[in-house]
Amino acid sequence: MDQQAGIHIRLADAGDDDFILGLVDRFVDFELPRWRRRGETAEGIRRDIARHLREQPAGSHLFVAEDDDGELVGFLHLQLMTDFFTGAQNCHVSDLVTAPGHDGKGVGSALLAYSERFAREHHCRHVTLAVFEGNARARSLYERKGYGVELLRMVKPVK
């Protein structure tokens, strides 16, 4: 278990599945691109997280954050990935979310700091993540913590 500012981070276990999956709607609780449907997007995220919880594939690491009272306050999913350009190992923040009512309390910052420690311990060159353009709150946090845009994924719906 890791600790920062009253936030304790530990590996998720089977007893955490309902909490984790219950947070999925938070991943789409902002303005999505016009071609994305909220329900469909949330269901895709739910399927992916459920698969990782069920199968626990190599390189996939799921964590939960608790406060000092033992209340679950956040979720983090890290994946070890090979960098396309260099072949070096990177740590990818696949999912990061705080529980309702815990925004602005340092949970996201603690999870990001944990991601960076995990990356150092696993000899990763970079920590990467993806965020929807409309998720202003998350983007602001990531920018404050030193993350910058590397690639822009552009999409055009086919009709």
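This text gives an overview of the structure that appears in the document. Keep in mind that this is a model prediction, so the values were computed, not measured. (Residues numbered from 1 in each chain as written. Predicted model: local features only at pLDDT ≥ 70, side-chain atom pairs only at ≥ 80, totals over all residues. Heavy atoms only, no water.)

**Some points on helix α4 (residues 136–144)**
Phase 1: Those residues of α4 that fall on the buried side of the exposure criterion are Ala138, Leu141 and Tyr142. Along α4, the residues classed as buried sweep out an arc of 95° about the axis, all on the same side. In α4, the exposed positions that point more than 90 degrees away from the buried face belong to Ala136, Glu143 and Arg144.
Phase 2: Check the buried side of α4 and you find it contacts β5 (89–98), α3 (107–121) and β6 (127–129).
Phase 3: Immediately downstream of α4, the backbone of Gly146 shows phi near 95°, a positive value. (Buried < 20%, exposed > 50% of the residue type's maximum accessible area, 1.4 Å probe, protein only. Helix = DSSP H or I, 4+ residues; strand = E, 2+ residues; numbered from the N terminus. Arc of directions from axis to C-beta. Contact = heavy atoms within 4.5 Å.)

**Considering the state of the cysteines**
Phase 1: This model, assessed by the stated rule, comprises zero disulfides.
Phase 2: As a non-bridged cysteine, Cys91 has Cys124 as the owner of its nearest cysteine sulfur, 5.1 Å distant.
Phase 3: According to the relative accessible area criterion, Cys91 is buried, its value standing at 0%.
Phase 4: According to the relative accessible area criterion, Cys124 is buried, its value standing at 16%. (Disulfide = S-S within 2.5 Å.)

**Quick notes on the pattern of salt bridges**
Phase 1: All told, the structure shown has ten salt bridges when counted by the stated rule.
Phase 2: The salt bridge involving Glu66 is made with Arg10; its shortest N-O contact spans 3.1 Å. With a gap of 56 residues between them, Glu66 in strand β3 (residues 60–66) and Arg10 in strand β2 (residues 7–11) connect regions that are remote in the sequence.
Phase 3: On the basis of relative accessibility, which here comes to 17%, the residue Arg10 falls in the buried class.
Phase 4: Taking the shortest distance from any N to any O, the salt bridge between Arg54 and Glu55 comes out at 3.7 Å.
Phase 5: Accessibility expressed as a relative area gives 59% for Arg54, which makes it exposed.
Phase 6: In the salt-bridge network here, residues are joined through shared partners; they are Arg10, Asp13, Asp16 and Glu66. (Salt bridge = Lys/Arg side-chain N within 4 Å of Asp/Glu carboxyl O.)

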